[in-house]
Amino acid sequence: MTLPATDDLLPPPFADGARPGLLDLLPPLVQNPVPGRDVIVLLDGVGSTLLDEHRSITPTLRRLSGQVQHVRAPAPTTTSVSMVCLHTARAPIEHGVLGHMTFDPARGAAINQLTGAPDVDPRTWMPLRTPVEAGSRRAIQVGPAKHGGSHLSRVAYRGWEFLAHGRGDRVEAVRTALHRAGPDGLVHLHVDDADHAGHRHGVNSDRWREALAEVDGLVAALLRRLPRGTRLHITADHGMVDTSEEATVDLAEQPAIQGLVRAISGEARALGLHAAPGDGAAEELAVRLEELLGERALVLRAAQLLERGVLGPPDAVVPPWVAPRIPDVLLLARGIWRVDDYSRREEPHKARAMIGAHGSLTAAEAVVPLLQLDV
């Protein structure tokens, strides 16, 4: 089956002086904040395109659509990158979380940025001080119990207290967090229903639509039950597209490329490749990938990632502890394509079975809603 390739990628998020809107949500809430309560709700995986296409099953968000802004997520468009950008107000090239799997030069392999690794200290991995750490406002993170001590929480939510919730009591947990935080408290709720359903079943599935409807119902319940005067900020970390086996390029089947690769990072819509040692290996790798992929993916060398504003402003100073994490080549998938090397994945069958995916720069992945209102 031959699938069409489309040049549907948006400009890089920091190109021509642009800046992803997610980076500027938190600082005003912790630097000289206005008195009163604030709640940030992050709808994982609910990009603007998906929200617009499913208005019939999201009556609450549809009613508020006139107040929604549409902003860019940072790149790669994945939860770990967006969350750390949101909570540090820094670009990926500054904080060093460069993908769902980010390369660790000390071990010569990538680390999952949600779960981390036993011998990696999150404070050393991302040493920047967060705005909440630098401020005086009491802030509480509300999430599943497993998020409390996770690698991502210890990287992004430094300075936040943690309150666990069960699946059926998220609204009550937010209310409890607001009570604990006091009249000027800040609370963050991460809602991952749609993201999990999309990865497993695809966004063109009844299971995903049911999850999105549940998310809309949660927003409705928050609007009804939060204390009057609470300022509510609703956004997302990325969107999602459905992929398939027919639209998959597995680099494990390319022996000429395998010999040029030391390690991989990222994910199937934004795959990072780290070249094997040797003069010219990185450039040969990039050239071979361009020949193999054609219009199915944009092939970017490390220097282009910086020059074009993919990972941060072109004039950003790259910290010495971040530079070795940058892939020699980054592949940004077009259309519904995905590119991976399943021979290097810890759970190749799970990775291959994933339907909904994200990471690249299509509008469906890179544009997210931002809704701010008083309850």
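Rules used throughout
Residues numbered from 1 in each chain as written. Predicted model: local features only at pLDDT ≥ 70, side-chain atom pairs only at ≥ 80, totals over all residues. Heavy atoms only, no water. pLDDT = per-residue confidence, 0-100. Contact = heavy atoms within 4.5 Å. Helix = DSSP H or I, 4+ residues; strand = E, 2+ residues; numbered from the N terminus. Polar contact = N/O pair within 3.5 Å; in protein donor to acceptor, adjacent residues only side chain to side chain. Core = buried A, V, L, I, M, F, W, Y, C linked by side-chain atoms within 4.5 Å. Buried < 20%, exposed > 50% of the residue type's maximum accessible area, 1.4 Å probe, protein only. Pairing = 2+ DSSP bridges. Axes fitted to C-alpha atoms, helices over the stretch in contact; angles between N-to-C directions. Parallel < 35°, antiparallel > 145°, perpendicular 65-115°, else oblique. Nonpolar A, V, L, I, M, F, W, Y, C, P; charged D, E, K, R; others polar.

### Remarks on the confidence of the model for the protein
Next up, step 1: Per-residue pLDDT for the protein has a mean of 95; in total, 98% of the residues score no lower than 70.
Next up, step 2: Every residue in residues 1–5 is under pLDDT 50, and counting partners more than four places away or in other chains gives eight contacts.

### Structural notes on the side chain of Asp104
Next up, step 1: Considering the arrangement of structural elements, one finds Asp104 in strand β3 (residues 101–104).
Next up, step 2: Here Ala106 takes part through its backbone nitrogen, which lies 3.1 Å from a polar atom of the side chain of Asp104.

### Quick look at the nonpolar core
Next up, step 1: With 49 residues, the main nonpolar core has Leu26, Val84, Trp160, Leu186, Leu305, Val310 and Leu332 as its most contacted residues.
Next up, step 2: Contributing elements (two or more residues each) for this core: α1 (27–30), β1 (38–43), α4 (79–88), α8 (151–156), β14 (329–333) and β17 (367–374).
Next up, step 3: In terms of residues, this core owes the most to one element, α4, which gives five residues.
Next up, step 4: Not counting chain neighbours up to four residues away, the residues in contact with Leu26 comprise Ile40, Leu86, His87, Val132, Trp160 and Leu186.
Next up, step 5: Within the second largest apolar cluster, 40 residues are counted, among which are Val46, Val171, Ala194 and Val215.

### Observations concerning the sheet that holds strand β6 (residues 161–164)
Next up, step 1: Reading across the sheet, the seven strands line up as β2-β17-β8-β1-β7-β5-β6 and stay open at both edges, with mixed pairing between neighbours. The open sheet has two edge strands with one neighbour each: β2 (69–72) and β6. Taking each pair of neighbouring strands and ignoring which way they run, the sheet shows an average axis angle of 20 degrees.
Next up, step 2: Here strand β8 (residues 231–235) runs beside β17; their pairing, made up of five bridges, is antiparallel.

### Examining unusual backbone geometry
Next up, step 1: Cis geometry marks the peptide bond from Ala75 to Pro76, where omega comes out at -10 degrees.
Next up, step 2: Along the polypeptide, Pro76 turns up in the loop between β2 and α4.
Next up, step 3: With a phi close to 50 degrees, Asn32 is a non-glycine residue in the positive phi region.
Next up, step 4: Along the chain, Asn32 turns up in the loop between α1 and β1.
Next up, step 5: For Asn32, a relative accessible area of 77% corresponds to the exposed category.
Next up, step 6: For Ala89, which is not glycine, the phi torsion reads 60 degrees and is therefore positive.

### As for the packing of helix α10 (residues 193–201) against helix α11 (residues 206–225)
Next up, step 1: Taken N-terminus to C-terminus, the directions of α10 and α11 make an angle of 175 degrees; their axes are 8 Å apart at the nearest point. Classified by the interaxial angle, the pair formed by α10 and α11 is roughly antiparallel. Residue-level contacts link Asp193, Ala194, Ala197, Gly198 and His201 of α10 to Arg207, Trp208, Ala211, Glu214 and Val215 of α11.
Next up, step 2: Its residues assigned to classes, the contact of α10 with α11 comprises five nonpolar, two polar and three charged.

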